[in-house]
Amino acid sequence: MEYELLSKIFYKKPTEYESIYDARFNSEASIKLPIKIHENVGFIFNTNEITKLLVKIYKTINKINLLRTHLPNIAINSYIIKSLKDEIALTNEIEGVRSTRKEIEDAIDSIKNDKSARFKGLVDKYFKLISNEIIPLNNCEDIRTIYDALVLPEIEKENLPDGILFRKEPVQVVSATQKEKHRGIMPESKIIESLDLCLDFLKLLFCKWVVNRNVSNFVSTTSSKKNKGIIR
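Attention in this report is confined to the structure presented alongside it. In this text the structure is predicted, and so the values were computed from the model without any measurement. (Residues numbered from 1 in each chain as written. Predicted model: local features only at pLDDT ≥ 70, side-chain atom pairs only at ≥ 80, totals over all residues. Heavy atoms only, no water.)

Topic: the packing of helix H4 (residues 73–95) against helix H5 (residues 101–113)
Logical step 1: Running from amino to carboxyl end, H4 crosses H5 at an angle of 125°, the nearest separation of the two axes being 10 Å. Comparing the axis directions of H4 and H5 gives the class oblique. For H4 against H5, the interelement crossing comes out right-handed. Contact with H4, carried on its side by Ile-81, Leu-84, Lys-85, Asp-86, Ile-88 and Ala-89, involves Arg-101, Ile-104, Glu-105 and Ile-108 of H5 and no other residues of that element.
Logical step 2: Within the contact of H4 with H5, the residues separate by chemical class into six nonpolar, no polar and four charged. (Axes fitted to C-alpha atoms, helices over the stretch in contact; angles between N-to-C directions. Helix = DSSP H or I, 4+ residues; strand = E, 2+ residues; numbered from the N terminus. Parallel < 35°, antiparallel > 145°, perpendicular 65-115°, else oblique. Left-handed = near helix turned anticlockwise from the far one by under 90°. Contact = heavy atoms within 4.5 Å. Nonpolar A, V, L, I, M, F, W, Y, C, P; charged D, E, K, R; others polar.)

Observations regarding the environment of Ile-164
Logical step 1: Mapped onto the secondary structure, Ile-164 falls in the loop between helix H7 (140–151) and strand E3 (172–174).
Logical step 2: Judged by relative accessible area, which is 72%, Ile-164 ranks as exposed. (Buried < 20%, exposed > 50% of the residue type's maximum accessible area, 1.4 Å probe, protein only.)

A look at the pairing of strand E1 (residues 30–37)
Moving residue by residue along a regular strand, the side chains alternate between the two faces of the sheet.
Logical step 1: When E1 meets strand E2 (residues 40–45), the two strands line up antiparallel, connected through five bridges. Counterpart to Ile-31 in the pairing with E2 is Ile-44.
Logical step 2: Here E1 folds back onto E2 in antiparallel fashion, the turn holding two residues, of which His-38 has a positive phi close to 55°. (Pairing = 2+ DSSP bridges.)

Focus on the nonpolar core
A general feature of soluble globular proteins is that nonpolar side chains tend to end up buried together.
Logical step 1: Membership of the largest hydrophobic core is limited to nine residues, which are Ile-81, Leu-84, Ile-88, Ile-104, Ala-107, Ile-108, Phe-119, Leu-122 and Val-123.
Logical step 2: Elements with a contribution of two residues or more to this core: H4, H5 and helix H6 (120–130).
Logical step 3: Filtering out sequence-adjacent residues up to four positions away, Leu-122 remains in contact with Ile-88, Asn-92, Ala-149 and Leu-150. (Core = buried A, V, L, I, M, F, W, Y, C linked by side-chain atoms within 4.5 Å.)

Here it is in structure tokens:
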């Protein structure tokens, strides 16, 4: 039987929604989260699909690691740089940030030559992750430090964060046609509280790392849908 999202059941089967929700929430396969979403306890319902995907991911990682042992370092480094360029270009496209391949290449070169360049902070963080260098991520101050390194040089003066760590006023993410896609949490104290919860969740050891990070991303950008604390 194909798994059906609670968000769909909410509209398709409104009379069955509560019983299905309760069954999933109270299931042994359900992982309760230390957060609330629209005043309801968040949870992950660990479906067979998720488990199979996790197994597939780990098997793929093992295959990649095995193949890597047969490649010369020059080939590995070349592939890493190509993948890095593609990743940054795609991320910028998704976020609506204008960038060229030349700018990304210049940013990569700037790390090697210790020069200034657009996106240098972003590239520097990728290189640190690749080299397994520890990037502190324990509190909101650490998040602000990462933010400053990644994007602060790209922000116009009038749009700089004006709060203690983040922003005092409401913020929206809009499309190219100025349609609102997401409205930020307010006030700033609520932003800090929500991010602290996300950081606490990231530290939990009982949750698989792939699910863990995807959930944290969801929590930090929760939509305004008025269904219960549903992750999956």
